[in-house]
Amino acid sequence: MDKQLPLLCYFEGGVVPLNEAKVGILTHALSYGTACFEGIRGYYNEKHGQLYLFRAREHYERLHESSRVLIMNLKFSPDELVEMTCDLLRRSGIYEDAYSRPSMYKASEVIGVRLHDLKDELYITVQPFGNYIDIDRPLNVGVSSWKRIDDNAMPARAKITGAYVNSAFAKSEALLNGYDEAIMLDNSGHVSEGSAENLFMLRNGVMHTPSVTENILEGITRLTIMTLLREELGIPVVERTIDRTELYVCDELLLCGTGAQIAPVGSVDHRPVGNGGVGEVARRLQSIYFDVVRGNVPKYMHWCTPVHTEVRRPAKAEHAVAVASK
Ligand code: PMP
């Protein structure tokens, strides 16, 4: 990142430095959790000197869906939102792995819980960003005593900020109990997802993942993995209900999400998954996934939005050329 450039964000109709974007303490979204958001990653490709946003359009389509659920009017199209994000990254001078957090929120400063008849606002932040959880070693996960929120109580399909208290209960319980991550069951006792990740389980050569009616966030990484499993690894994928104890007897288990990327699981409730190490399928999937997100696979370049109009070659290479031409 260019040290002299401040991080810029889009905030309530204009572009301002991040430290100038402030809301009042009575903001409805702060009182009642009435906001929705996205997390979008940008991957820097050293060789191309380019930063690529991964599946940004799909993230903004989901922000539109979440906004609809919350009775909000997101007035920019997904394509416009992608361009606004690229503009912020360019003007903030970010030439490294990055993260963008857009959010639509109920901005009225009023007391009174409801969804309608309130002012909505949009913000988009960008920042340099590395790994969210350690993905180089298998995770030890525990099934949470907290149940996943139900579609008729708090729809997991929409990425609603208030709903993340459910994730926070599960994540803190897991960490305080010595696990790396939680897996939540839904109210019928079936496997739903991690605190901020979808889940894939390998049994007898077939990958299984809970279907979209199992109180999950319809993850974009989940869709990416389904495509890569089928098209690149030739592994069939089935969306179906998963029992808790299937997690104890499966051959491989992994969690996935924009933040977590592809995180292999080594044990569930102290029972080793497979031999307790990183499974073969997870390892192959990680390798192709990182090639794809970094813009190294032409077949999947349509998922990668180039951010910069001026690509930047690595400083070392520039120096080498300068010396050689003397
Ligand atoms: N489930 C939950 C609850 C999440 O917060 C996330 C992260 N956005 C995911 C799944 C994974 O979704 P995605 O792959 O779209 O990031």
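Use the structure listed above.
Residues numbered from 1 in each chain as written. Predicted model: local features only at pLDDT ≥ 70, side-chain atom pairs only at ≥ 80, totals over all residues. Heavy atoms only, no water.

Observations regarding the site of the ligand
Neighbouring the ligand are 17 residues, the closest being R62, Y164, E193, T221 and T258. Contact distances for the ligand include 2.8 Å between an oxygen atom and a backbone N or O atom of I220. Burial of the ligand by the surrounding chains reaches 96%, relative to a free accessible area of 380 Å². Among the elements of the structure, helix 2 (56–69), helix 5 (220–231) and strand 14 (252–257) are those that each provide at least two residues to the shell around the ligand. (Near = heavy atom within 4 Å. Polar contact = N/O pair within 3.5 Å; in protein donor to acceptor, adjacent residues only side chain to side chain. Areas by Shrake-Rupley, 256 points an atom, 1.4 Å probe, with all protein chains shown as cover. Helix = DSSP H or I, 4+ residues; strand = E, 2+ residues; numbered from the N terminus.)

Comments concerning the nonpolar core
Counting residues in each nonpolar core, the largest one holds 31 residues, and the members touching the most others are L89, L122 and I124. Going through the elements one at a time, strand 1 (8–11), strand 4 (40–45), strand 5 (50–54), helix 2, helix 3 (78–91), strand 6 (98–106) and strand 7 (120–128) are the ones with two or more residues in this core. Residue contacts for L122: discarding those within four places in its chain leaves Y10, F11, E12, L63, L74, F76, L81, M84, S103, M104 and Y105. In terms of nonpolar packing, the next biggest core, distinct from the first, is built from 27 residues, L228, L233, I235 and W303 among them. (Core = buried A, V, L, I, M, F, W, Y, C linked by side-chain atoms within 4.5 Å. Buried < 20%, exposed > 50% of the residue type's maximum accessible area, 1.4 Å probe, protein only. Contact = heavy atoms within 4.5 Å.)

Some thoughts on the environment of H28
Examined against the element boundaries, H28 turns out to sit in helix 1 (residues 28–32). Separated by 219 residues in sequence, H28 and L247 have C-alpha atoms that sit 40 Å apart. The residues contacting H28, other than those within four sequence positions of it, are G33, T34, K106, S108, V110, G112, V113, R114 and L118.

Details of the side chain of S103
As for its placement among the helices and strands, S103 is situated in strand 6. Within polar-contact distance, the side chain of S103 engages the backbone oxygen of C36 at 2.9 Å. If we skip the residues at most four places from it in the chain, S103 touches A35, C36, F37, E121, L122 and Y123.

Points about the pattern of salt bridges
Taken as a whole, this structure holds 21 salt bridges when the rule is applied. Its salt-bridge partner being E83, residue R90 comes within 2.6 Å of it at the nearest N-O pair. Using a relative accessible area of 41% as the deciding quantity, one classes E83 as partly exposed. In this structure, the salt-bridge partner of D97 is R294, at a minimum N-O distance of 2.9 Å. One end of the pair, D97, is in the loop between helix 3 and strand 6; the other, R294, is in the loop between helix 7 (280–293) and strand 17 (304–306), and 197 residues separate them in sequence. For R294, a relative accessible area of 24% gives the class partly exposed. (Salt bridge = Lys/Arg side-chain N within 4 Å of Asp/Glu carboxyl O.)

Concerning the pairing of strand 12 (residues 206–209)
Of the strand pairs in this sheet, strand 11 (residues 198–203) and strand 12 are connected by three bridges, and their pairing is antiparallel. Among the inter-strand pairings, R203 is bridged to a residue of strand 12, identified as V206. Counting the residues between successive antiparallel strands, the hairpin from strand 11 to strand 12 contains two residues, one of them, N204, with a positive phi of roughly 50°. Note: strand 12 against strand 13 (residues 237–239), three bridges, orientation parallel. (Pairing = 2+ DSSP bridges.)

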